[in-house]
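# Chain and residue survey
Next come the chains, spelled out residue by residue.
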Amino acid sequence: MAESMPKVDSPMANAIRFLSIDAIVRAQEGHQGVPLGMAEISTALFGEHMRFNPQDPLWPDRDRFVLSNGHGSMLLYSLLYLTGYEKVSLDEIKRFRALGSVCAGHPEYDPEAGIEITTGLLGQGIGNAMGMAVAEAYQRARFGAELVNHYTYAFVGDGCLQEGVGQEMISLAGHLGLGHLILLWDDNKITDDGSTELSISEDVGERFRVANWHVVEVDGHDVAAVSAAIAEAKQDERPSMIACRTVIGRGIPRLQGQRGGHSARLFDEDAQAAREELNWPHAPFEIPVQTLAQWRVVGQRSHAEYHSWYARLSKLPAQERTEWERIQSGTLPNTWQAVLQAYKQRVISVGDAESGIFSSAEINDLFAELMPERLVGCADLEAPTSHKRSLKAFTAEDNSGAYIHCGVREHLMGAMANGMAAHGGVLPLAVTYLAFSDYERPAMRMAALMGLPTKFVFSHDSIGVGRNGPTHQPVEIIASLRAMPNMYVFRPADAVEAAESWEVAMKLTRSPSSMIFARQELPLVRHHANTENLVARGAYVLKESTGRRQVTLLATGSEVAIALEASQYLESEGIEAAVVSMPCWELFDQQPLAYRQEVLGEGSIRVGIEAAMRFGWDQYIGMDGIFVGMTGFGLSGPAEELYERFGITAKAVVEQVKQRIA
């Protein structure tokens, strides 16, 4: 079939070029390098290989396409319009970069429009693509190739491969043998600063080869050659990288092959010069009827496969089909909350203190058989975080394992988890220490921006880490996560709150969550297995004062026990104190004003207690409120001594309250 594909400067490829040029000229800004340089590559991929259906953009077994070099977004929008996606109309193309347009400056997650993932932070996209490939491989191992058998394609630029996350992806994807992952590299030898020789000198293809990738090098402006390379890649059991030698900004005489080809301002004169250069005598935004018809045929090319797939789905046994549809819709099994309620009752009846992160691990393991769609990634911390337990490893030889040994690759792990969530059909968790969350920060931010329900699980949350010292004692990170829009941050005080935090997080379908657990053992602060989920309120009165409240002690996580102890001392001295547990500020802020006022104790002295920085606490305790916590970084030493050293104790709380009352 490759021989029938259009040649260089074909009308189909040039349709992409001129939609992009015209939109960028009208917007007076944009990045033309990618759509002009990768037009033939796109024609080969979409024209011959991509399985998709613009009339049903959410078809579960569609191929996934990630534009990792997301600044070249007009390439994607042009393809979506040309192939017939309803949400990406010609009018939307004309509104490129306008407020409210689906054609935003960088692609923004909108699967119904054909935009599989938000990209623009270079390197995140290829990490997302790997996550999609993992999700596909895992589902294929479980449901069989009759239901799951698609590819993930990603367009990547030099920036994607220069970011550190790029190397992490190359290494792990090769190790796991993800044969349904195919990258197409826009090898144009240019970055925003100029020639790539300014900053790199290695053989990029060799980086992939030594990591067990299939590598092919082709002329990126030869549609037939690119198509043949893709066909070859699909036959290889390894992940593939197709190095496509291209000319950046191809078609614009003033800029092609130069630094300015990346994103220099385009003018009407450039558009006219390109029309003359490429023999395109059509008005702005005008696509010849025959060329548009060719592209619309491409959009219908997978219809036979689409209907065949649904026919196979309809023939599944009822129970298997019901389970498939449950998982694809993101619906949780009927009994999952009962499992958590039974766990709460059990830990209360036993009454033992337990490591915070081990409580999370036990809960995670309870879901192993009930929710096989869960995929857990962990950054080389299996023993101290304990979230593997009964799960088996996902390996190159066995893709049915639900635990991914990510190695020391947190950058990738976060991006990969987002790719899994965007793919659908799996529920991803990413597990590491809280101090290492900064490695995941770009992915966490992107999850919040997209509204993906990615679960980020963290251990070792404070100076309670102890002798590992201040490098591993996060004091500022909780506040920074709380500052992130649409991120729900949970810091449970005991095993009961851990279960309730998990319950709330599992219900979040349009927001990610950060579940933050202590390394050290936490005594129970809740002794009744309420059917109501108190964490769902964000904060609640754990212990009310016996008389008129004079003091409100507000605490999170391991410091709730300190607040309870302090309240007993205060009451013994005739000072009426209530204790409020605040496991999730974001949920508390959503409660009615009257409830928040009742919990915070209007007119009482408020004390915030947390082994972290004060930042953010003043909204609850006031600028004149008392804060018992950290004022700087920690130290190396036993946890108990560190709490004494930094004055985060019941005694310190009592002394400060008494000073205020006096």
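This next bit is on the overall build of the protein chain. The secondary structure content of the protein chain amounts to 27 helices and 20 strands. The C-alpha radius of gyration of the protein chain comes to 28 Å, within 12% of the 26 Å expected for a compact globule of 662 residues. Overall, the C-alpha framework of the protein chain stretches about 90 × 55 × 45 Å when taken along its three principal axes. Every one of the 662 residues in the protein chain was classed for burial, and the buried ones make up 63%. Taking the contacts inside the protein chain whose residues are at least 6 apart along the sequence as the reference set, 77% of them involve residues at least 24 apart. Here the protein chain has roughly 24800 Å² of accessible surface; of this, 49% comes from carbon and sulfur atoms.

For helix H27 (residues 650-661), which comprises twelve residues, the first-to-last C-alpha distance of 17 Å matches the rise-based estimate of 16 Å (1.5 Å per residue) to within 8%. Among the residues of H27, those classed as buried are Ala650, Ala652, Val653, Val654 and Val657. Against strand E17 (551-555), helix H22 (559-572), strand E19 (605-610) and strand E20 (626-629) lie the buried residues of H27.

Another point: the nonpolar core. One finds Met130, Met169, Leu178, Leu181, Leu183, Trp213 and Phe490 to be the most contacted residues of the largest nonpolar core, which totals 103 residues. Here this core gets nine residues from one element, more than from any other, and that element is helix H6 (residues 124-143). Ignoring sequence-local partners within four residues, the contact set of Leu183 consists of Ile126, Ala154, Val156, Met169, Phe208, Trp213, Ser240, Met241 and Ile242. Core analysis: the next-biggest nonpolar cluster, separate from the first, contains 65 residues, Ile24, Met38, Ala39 and Val216 among them.

Moving on, we get to unusual backbone geometry. Positive phi values are uncommon outside glycine, yet Arg97 reaches one of about 70°. Along the chain, the position of Arg97 falls in the loop between helix H5 (90-94) and H6. Phi is positive for Lys189, close to 65°, though the residue is something other than glycine. Locating Lys189 in the fold gives a position in the loop between strand E3 (181-187) and strand E4 (190-191). According to the relative accessible area criterion, Lys189 is partly exposed, its value standing at 36%.

Within the open sheet, the six strands sit side by side as E10-E9-E11-E12-E14-E13. Their pairing is parallel. Whereas interior strands pair on both sides, the edge strands pair on one side only; in this sheet they are strand E10 (403-405) and strand E13 (488-490). When the angles between neighbouring strand axes are averaged without regard to direction, this sheet yields 20°. The sheet contact formed by E13 and strand E14 (residues 513-516) spans three bridges and is parallel. Looking at E14, one finds that Phe490 is bridged to Met515.

As a further point, take the packing of helix H4 (residues 73-83) against helix H12 (residues 289-300). Direction vectors running N to C along H4 and H12 enclose 90°, while the axes themselves pass 7 Å from each other. One finds that H4 runs roughly perpendicular with respect to H12. Of the residues in H12, those touching H4 at Leu79, Tyr81, Leu82 and Thr83 are Leu292, Trp295, Arg296, Val298 and Gly299. Tallied by class, the residues present in the contact of H4 with H12 amount to six nonpolar, two polar and one charged.

As a further point, take the sheet that holds E19. One open sheet holds the five strands; their spatial order is E16-E18-E17-E19-E20, and the pairing between them is mixed. Two strands lie at the open edges of the sheet, namely strand E16 (540-543) and E20, each paired on one side alone. Adjacent strand axes in the sheet meet at a mean angle of 30° when their direction is disregarded. As judged from the three bridges shared by E16 and strand E18 (residues 577-581), these two strands associate in the antiparallel manner. Residue pairing in the sheet places Lys543 in a bridge with Val579 of E18.

On to the pattern of salt bridges, then. Following the criterion strictly, the structure yields 35 salt bridges and no others. Two residues, Arg275 and Asp22, come together in a salt bridge whose shortest N-O distance is 3.0 Å. Taken together, the positions of Arg275 in helix H11 (residues 268-277) and Asp22 in helix H1 (residues 11-27) put the pair 253 residues apart, joining distant regions of the chain. Comparing Arg275 with Asp22, the two get one shared label, buried. The partner of Arg97 in a salt bridge is Glu29, and the shortest N-O contact between them spans 3.6 Å. With Arg97 in the loop between H5 and H6 and Glu29 in the loop between H1 and helix H2 (33-37), this pair connects stretches of sequence that are 68 residues apart. Salt bridges here are not isolated pairs; linked through shared partners, they connect Asp461, Arg482, Arg491, Glu559 and Glu610.

A word on helix H18 (residues 410-423). With 14 residues, H18 should reach 20 Å at 1.5 Å per residue; the first-to-last C-alpha distance of 20 Å fits that figure. Most of H18 is tucked away, with 13 of its 14 residues classed as buried. Positive backbone phi, at 90°, marks Gly424, one or two positions downstream of H18.

This next bit is on the confidence of the model for the protein chain. Averaged over all residues, the pLDDT of the protein chain equals 96, while 99% of them reach at least 70. Predicted confidence is poor over residues 1-8, with pLDDT under 50, and the contacts of this stretch with residues over four places away or in other chains come to 17 contacts.

If you walk through the whole model with that rule in mind, you get 23 aromatic pairs. Note on Trp309 and Tyr310: the rings are 4.7 Å apart at their centroids and 90° apart in plane angle, and the pair reads as edge-to-face. Classification of Trp309 by relative accessible area gives buried; the value is 0%. Clustering of aromatic rings is evident, with ring pairs tying together Trp59, Phe143, Tyr306, Trp309, Tyr310 and Trp324. The cationic tip of Lys234 hangs over the ring face of Tyr151; the distance from NZ or CZ to the ring centre is 5.7 Å. The aromatic ring of Tyr81 is capped on one face by Arg296, whose charged end is 5.2 Å from the ring centroid.

Each value, and the rule that gives it
Residues numbered from 1 in each chain as written. Predicted model: local features only at pLDDT ≥ 70, side-chain atom pairs only at ≥ 80, totals over all residues. Heavy atoms only, no water. Helix = DSSP H or I, 4+ residues; strand = E, 2+ residues; numbered from the N terminus. Rg over C-alpha atoms; globule rule 2.2 N^0.38 Å. Buried < 20%, exposed > 50% of the residue type's maximum accessible area, 1.4 Å probe, protein only. Contact = heavy atoms within 4.5 Å. Areas by Shrake-Rupley, 256 points an atom, 1.4 Å probe, with all protein chains shown as cover. Expected span 1.5 Å × (residues − 1). Core = buried A, V, L, I, M, F, W, Y, C linked by side-chain atoms within 4.5 Å. Pairing = 2+ DSSP bridges. Axes fitted to C-alpha atoms, helices over the stretch in contact; angles between N-to-C directions. Parallel < 35°, antiparallel > 145°, perpendicular 65-115°, else oblique. Nonpolar A, V, L, I, M, F, W, Y, C, P; charged D, E, K, R; others polar. Salt bridge = Lys/Arg side-chain N within 4 Å of Asp/Glu carboxyl O. pLDDT = per-residue confidence, 0-100. Phe/Tyr/Trp six-rings, centres within 6.5 Å; stacked < 30°, edge-to-face > 60°. Lys NZ or Arg CZ within 6 Å of the ring centre and 35° of its normal.

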